[in-house]
Amino acid sequence: AARGMGRALVLLTLHACAAMRASAGGRQSASRSATARPAASVRLSAPSHARLTLVRHGQSEWNLANRFTGWVDVDLTERGITEARAAGRMLLEAGLEHDLICTSTLRRAIRTASLLLSSTRECWLPIVKDARLNEQHSGALTGLNKRELAEEFGVDKVMVWRRSYNSPPPQIALDHPLQISIASDERYRESAVPSAESLADTLVRVTSFYEDTLRPALAAGKRVLVVSHGNTLRALVKLIEGIANEETYNLDLPTACPVVYELDEMLRPVGLQGTWGSSRTPRHGRYLMAESTVALAQQAMREQVVRDIAVSTVSSSGANAIVTCDAWTSPAASNSRVTLDGQSFNIRSTPPSYFALESERIKLAAEQELSQFQTYAANLPSRAGEGTVLGGKVRCMLILIRHGYSDYNAQNRFTGWFDCDLTNKGREEARVAGSMLRAAGVNRIEKVYSSLLRRAIKTAWLMLDELELQWTPIVYDWRLNERHYGALQGRPKKECVEEFGVKQVQMWRRGIHARPPPWDIAAEMSTVDRRYLGVPVPRAESLSDCSARLRPFLQEELLPAMRAAIEREASASGREAEVPVFVVSSSENLLRALVAQLESLGPEKIPLLDIPYATPLVVGFDADLELVPTALAAAPLRCCWYMGDAERIRDVQADIRAQVSPLYGQPTQAAKAAATAVVAAEVAKAAKAPALAGDDTCFVTVGEETVWVCSEDAEPPSDLSSPPLELPRRPTPSDERRS
């Protein structure tokens, strides 16, 4: 009872603190913008029913080039990344929390949303990615420079194409390389791709999305953030504010400039905030950026038909300021990295000629890489009953990936549910994983599942970014969180070894039933936030406990989704059946529990599992959702295999196991290597005297085999040693007759 009251008190305190932060943030935001807002502005003090925040993506490559972009999937520039992060900080400083994120299927919007959530510390929020929020299709203008078009057709005509309500641009030819690259994209397999759109056309699909996604969320009092595109957001503003068709000409939304709408119970905007630009069109959305700054950006955007310029809402230092420069187009496709505030980011350059000149080369290169991978797999020695890596018996693939190297991994601390971030090394590892999967021929992922912890979420984001599959749906689930380390959370492993001994720490790290000491109320208060409302947060977990909360996810979510995908492909007509791919991005012990269940490993094998950082662990399933054995799997596994350099993987696994050595974690690499060598020496010694070694370590080596020798106190039966999973099966004729 005391524990329950304590948790209730923690949650009550968290809610009170959140309310105080939101209240204070709202007062600060109103104070900041009061001086820049017109005298007619009114800010109502009554609480709103719901909130809708609109943010246009950060500066893209073709914004920088002053080109019509439409549905072409260009990336953010370095300045665009800075803009997106600055917008996130504005939302954070204003105390604005969110419940749902909606964005398009285009990477410049998805990446902006990810950067915003990183800044607001809300990576775990659900993201809806929908093509109905894509930019207005620019038709035959796609890829063309606005200033050059104005010289050819006149400024007024180009402004009609840019800002009118009912005048679409000329349609793009279906055989145009840009349109081919769009229409053939996997993300649009189930949807029609337009060849040109007016704002009125865009409003039709935006209204459809509003009715089935935004309206229900807002009616329920949710706080929704929409990250989309200039014309898409103009259509949404018209819908929310009831702006007349002819007045939509006055709507301009600068890049990465949040506009906040407080809505009443009828979902009507609360409070007049000014006008749109220099017009008399009323505006009910509140800018988080100074209105004078927004006005300058709007003016510069309109001048892009008479001046060949790019516009940004931040300076090179990240401060809010309107900056213009000469429009610039990269002469060739490129991929580079930049470092901003100590974090590395990927920058792509994609000139219009890229789609015409590079598409065939990329296709051939991808086919060659896939052929090489298949040849490598086919030449591996096989064992009786084994399937091939791609094709053969395999009808569905599951890719498990541990997050990249995190801050706490670098400090050799127990992490558990602490929400630490990736290091730059971890970000690089996640991208390499995506690159390997792309080289292996993965060009579509059905769904990604991740924990609520940002190190796993960001690993999934970066992997998808490298795969160029940013549009893939991601589901976040607390049941995929790392195993809870209780009172060990945040403590250096070396410190725990000194206090409890190597053997006890090994039992907590690799045992099945050993549960570390529970955390205290202070640790709970510093970790549990609103993402865990309604979640039975544990105070400490054994691997068996972790497996128990994982099992419903497997049986109720993952395996049924895989079954549905297999059946869909089996009945596919008009195209070749594919192997559906699913991904789980999580932490080491959760993946150990998952692998143990899938492979039905015994208690003597489970402690031998060490999962390396950001290395794809692939599992093939047949048509009946039975695992397919493969020669690529290394003991103790039969069906799960790592995609990566085998020698590197073994080294990383040895390093992970050595982390509880007293010498591990010294400042030099030589000392770190010595720690691994000491562990190896202890193991070699143990092979000669296993009985003595059991007093010092849980791992001994007999011959060439590593053995777990520690016994555990009896506890309730472990899910890890229970009968195999009850896999969902296909209905039989007898089932149908009974029905």
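The shown structure was predicted, so the numbers you read here are calculated from the model rather than taken from an experiment. (Residues numbered from 1 in each chain as written. Predicted model: local features only at pLDDT ≥ 70, side-chain atom pairs only at ≥ 80, totals over all residues. Heavy atoms only, no water.)

Visitor: Would you mind showing me how to read the overall build of the chain here?
Guide: A tally of helices and strands in the chain yields 24 helices and 20 strands. Of all 739 residues assigned to the chain, the portion counted as buried reaches 55%. Residue pairs at least 24 apart in sequence account for 77% of intrachain contacts in the chain once pairs closer than 6 positions are excluded. When the accessible surface of the chain is summed, it comes to about 30,800 Å², and 54% of that surface belongs to carbon and sulfur atoms. (Helix = DSSP H or I, 4+ residues; strand = E, 2+ residues; numbered from the N terminus. Buried < 20%, exposed > 50% of the residue type's maximum accessible area, 1.4 Å probe, protein only. Contact = heavy atoms within 4.5 Å. Areas by Shrake-Rupley, 256 points an atom, 1.4 Å probe, with all protein chains shown as cover.)

Visitor: So what exactly am I meant to see when it comes to the pairing of strand β5 (residues 259-263) here?
Guide: Every regular strand shows the same layout, with side chains that alternate between the two sheet faces. Of all 5 residues in β5, 5 are buried, a share of seventy percent or more. The side-chain alternation of β5 yields two buried faces, one formed by Val259, Tyr261 and Leu263 and the other by Val260 and Glu262. Relative to β5, strand β1 (residues 50-56) runs antiparallel, the two being bridged by 5 bridges. In the sheet register, Thr53 faces β5, and the bridge partner there is Val260. Bridge analysis of β5 against strand β8 (residues 286-287) gives 2 bridges, and the strand direction is antiparallel. For Val260, the partnering residue across the bridge sits in β8 and is Arg286. (Pairing = 2+ DSSP bridges.)

Visitor: Help me understand the state of the cysteines, please; the structure alone is not making it clear to me.
Guide: Chemically, a disulfide is nothing more than a covalent bond linking the sulfur atoms of two cysteines. Overall, the coordinates contain 1 disulfide when judged by the stated rule. Residue pairing for Cys698: its cysteine sulfur links by disulfide to Cys710, the two sulfurs lying 1.9 Å apart. Looking down the S-S bond of the Cys698 and Cys710 bridge, the torsion is -90°, so its handedness is left-handed. On the criterion of sequence distance, the pair formed by Cys698 in the loop between α23 (690-693) and β19 (699-702) and Cys710 in the loop between β20 (705-708) and α24 (733-738) is long-range, its members being 12 residues apart. Both residues of the pair, Cys698 and Cys710, belong to the buried class. (Disulfide = S-S within 2.5 Å.)

Visitor: Is there a simple way to think about the nonpolar core in this case?
Guide: When a protein is soluble and globular, its nonpolar side chains tend to lie buried together. The biggest cluster of nonpolar side chains holds 92 residues, and the ones touching the most others in it are Leu52, Val224, Val226, Tyr261, Ile445 and Tyr532. Look past the residues within four positions of Val226 in its chain and what remains in contact with it is Leu52, Thr53, Leu54, Val55, Cys102, Leu133, Leu214, Leu233 and Leu236. (Core = buried A, V, L, I, M, F, W, Y, C linked by side-chain atoms within 4.5 Å.)

Visitor: I tried to follow the pattern of salt bridges on my own but got confused; where do I start?
Guide: Between side chains of opposite charge, a pair can form when the charged atoms approach closely. By the definition in use, this model includes 44 salt bridges. Of the charged contacts, one joins Asp130 and Arg132 as a salt bridge, the two residues approaching to 2.9 Å between their closest N and O atoms. Classification of Asp130 by relative accessible area gives buried; the value is 16%. Its relative accessible area of 21% is what places Arg132 among the partly exposed residues. Because the salt bridges share partners, they merge into one network encompassing Glu186, Arg189, Arg444, Glu446, Arg568, Glu569 and Glu578. (Salt bridge = Lys/Arg side-chain N within 4 Å of Asp/Glu carboxyl O.)

Visitor: Looking at this structure, how should I read the sheet that holds strand β14 (residues 447-450)?
Guide: Strand pairing within a sheet occurs via backbone hydrogen bonds; the two strands may be parallel or antiparallel. Strands sit in the order β15-β14-β16-β13-β17-β18 across an open sheet of 6 strands; the sheet is mixed. Both outer strands of the open sheet, β15 (474-476) and β18 (641-642), are each paired with one neighbouring strand and no more. Helix α15 (residues 454-467) rests against β13 (396-402), β14, β15 and β16 (581-586) of the sheet, and its axis sits at about 140° to β16. (Axes fitted to C-alpha atoms, helices over the stretch in contact; angles between N-to-C directions.)

Visitor: I'm lost on the side chain of Arg205 in this one. Help?
Guide: Mapping Arg205 onto the fold places it in helix α8 (residues 199-219). Among the polar contacts listed, one links the side chain of Arg205 to the backbone oxygen of Arg132, at a separation of 3.0 Å. (Polar contact = N/O pair within 3.5 Å; in protein donor to acceptor, adjacent residues only side chain to side chain.)

Visitor: Could you clarify how one ought to interpret the confidence of the model for the chain in this entry?
Guide: In low-pLDDT regions, the fine details of the predicted coordinates are not to be read closely. With 77% of its residues at a pLDDT of at least 70, the chain reaches an overall mean of 83. Long-range and interchain partners of residues 1-45, a stretch whose pLDDT sits below 50, account for 54 contacts in this model, where long-range means more than four residues apart. Long-range and interchain partners of residues 353-370, a stretch whose pLDDT sits below 50, account for 16 contacts in this model, where long-range means more than four residues apart. (pLDDT = per-residue confidence, 0-100.)

Visitor: Please clarify how unusual backbone geometry should be interpreted in this entry.
Guide: Most peptide bonds adopt trans geometry, and most residues besides glycine take a negative phi value. Cis geometry marks the peptide bond from Ala635 to Pro636; its omega dihedral reads 10°. Here Pro636 is to be found in the loop between β17 (617-621) and β18. Notably, Ala256 is not glycine yet its phi reads approximately 50°, a positive angle. Checked against the element boundaries, Ala256 lands in the loop between α9 (230-241) and β5. In this model, Leu625 sits at a positive phi of 60°, which is unusual for a non-glycine residue. You can see Leu625 is positioned in the loop between β17 and β18.

Visitor: Is there a simple way to think about the sheet that holds strand β4 (residues 223-228) in this case?
Guide: Taken together, 6 strands build an open sheet; the order of strands is β3-β2-β4-β1-β5-β8 and the sheet is mixed. Looking at strand neighbours, the two that pair on one side only are β3 (127-129) and β8, the edges of this open sheet. For strand β2 (residues 100-103) and β4, the ladder comprises 4 bridges, and the chain directions are parallel. Its bridge partner lying in β4, Cys102 is registered against Val226.

Visitor: Would you mind showing me how to read the packing of α8 against α9 here?
Guide: What describes two packed helices is the angle between their axes and the distance between those same axes. For the pair α8 and α9, the least separation of the axes is 9 Å and the interaxial angle reads 65°. In terms of axis orientation, α8 runs roughly perpendicular to α9. Viewed along their axes, α8 and α9 form a crossing whose handedness is right-handed. Where α8 abuts α9, its residues Leu199, Thr202, Leu203, Val206, Thr207, Tyr210 and Leu214 lie against Asn231, Thr232, Arg234, Ala235, Leu236, Lys238, Leu239 and Ile240. For the contact of α8 with α9, the residue count by class is 9 nonpolar, 4 polar and 2 charged. (Parallel < 35°, antiparallel > 145°, perpendicular 65-115°, else oblique. Left-handed = near helix turned anticlockwise from the far one by under 90°. Nonpolar A, V, L, I, M, F, W, Y, C, P; charged D, E, K, R; others polar.)

Visitor: Hey, could you run me through helix α6 (residues 155-163) in this one?
Guide: Think of an α-helix as turning once every 3.6 residues; residues three or four places apart then point the same way. Burial in α6 covers these residues: Val158, Met159, Trp161, Arg162 and Arg163. Within α6, the buried residues cover an arc of 165° as seen down the axis, which keeps them to one side. (Arc of directions from axis to C-beta.)

Visitor: Can you walk me through the environment of Ser586 in this structure?
Guide: If you trace the backbone, Ser586 turns up in strand β16. You can call Ser586 buried: its relative accessible area is 0%. If we skip the residues at most four places from it in the chain, Ser586 touches Ile401, Arg402, His403, Ala456, Leu480 and Leu591. Side-chain polar atoms of Ser586 contact the backbone oxygen of Leu480, separated by 2.5 Å.

Visitor: Explain the packing of aromatic side chains here, please?
Guide: The geometry of an aromatic ring pair is captured by two quantities: the separation of the ring centres and the angle between the planes. For the coordinates displayed, the defined rule picks out 11 aromatic pairs. On the numbers, 6.3 Å between centres and 90° between planes, the contact of Trp276 with Tyr287 is edge-to-face. Note that Trp276 is positioned in the loop between β6 (274-275) and β7 (282-283) and Tyr287 in strand β8, a separation of 11 residues in sequence. For the pair formed by Trp276 and Tyr287, the shared burial category is buried. Measuring from centroid to centroid gives 5.2 Å for Tyr449 and Phe553, while their planes differ by 80°, and the two rings are edge-to-face. You can see Tyr449 sitting in strand β14 and its partner Phe553 sitting in helix α19 (residues 543-570), a full 104 residues away along the chain. (Phe/Tyr/Trp six-rings, centres within 6.5 Å; stacked < 30°, edge-to-face > 60°.)

Visitor: How should the pairing of β2 be read in this particular structure?
Guide: Of the two faces of β2, the one carrying Leu100 and Cys102 and the one carrying Ile101 and Thr103 are both buried. Inspection of the sheet shows β2 paired to β3 by 3 bridges, in the parallel sense. Across the sheet, Cys102 pairs through a bridge with Val128, a residue of β3. In this view, the connection linking β2 to its parallel neighbour β3 by way of helix α4 (residues 107-120) has right-handed handedness. (Right-handed = clockwise from strand over helix to strand, strands pointing away.)

Visitor: Please clarify how the environment of Leu617 should be interpreted in this entry.
Guide: Mapping Leu617 onto the fold places it in strand β17. Look at Leu617 and you get buried, because its relative accessible area is 1%. Contact partners of Leu617, with chain neighbours within four places excluded, come to Leu398, Ile399, Leu400, Val595, Ile611, Leu637, Cys640, Trp641 and Tyr642.

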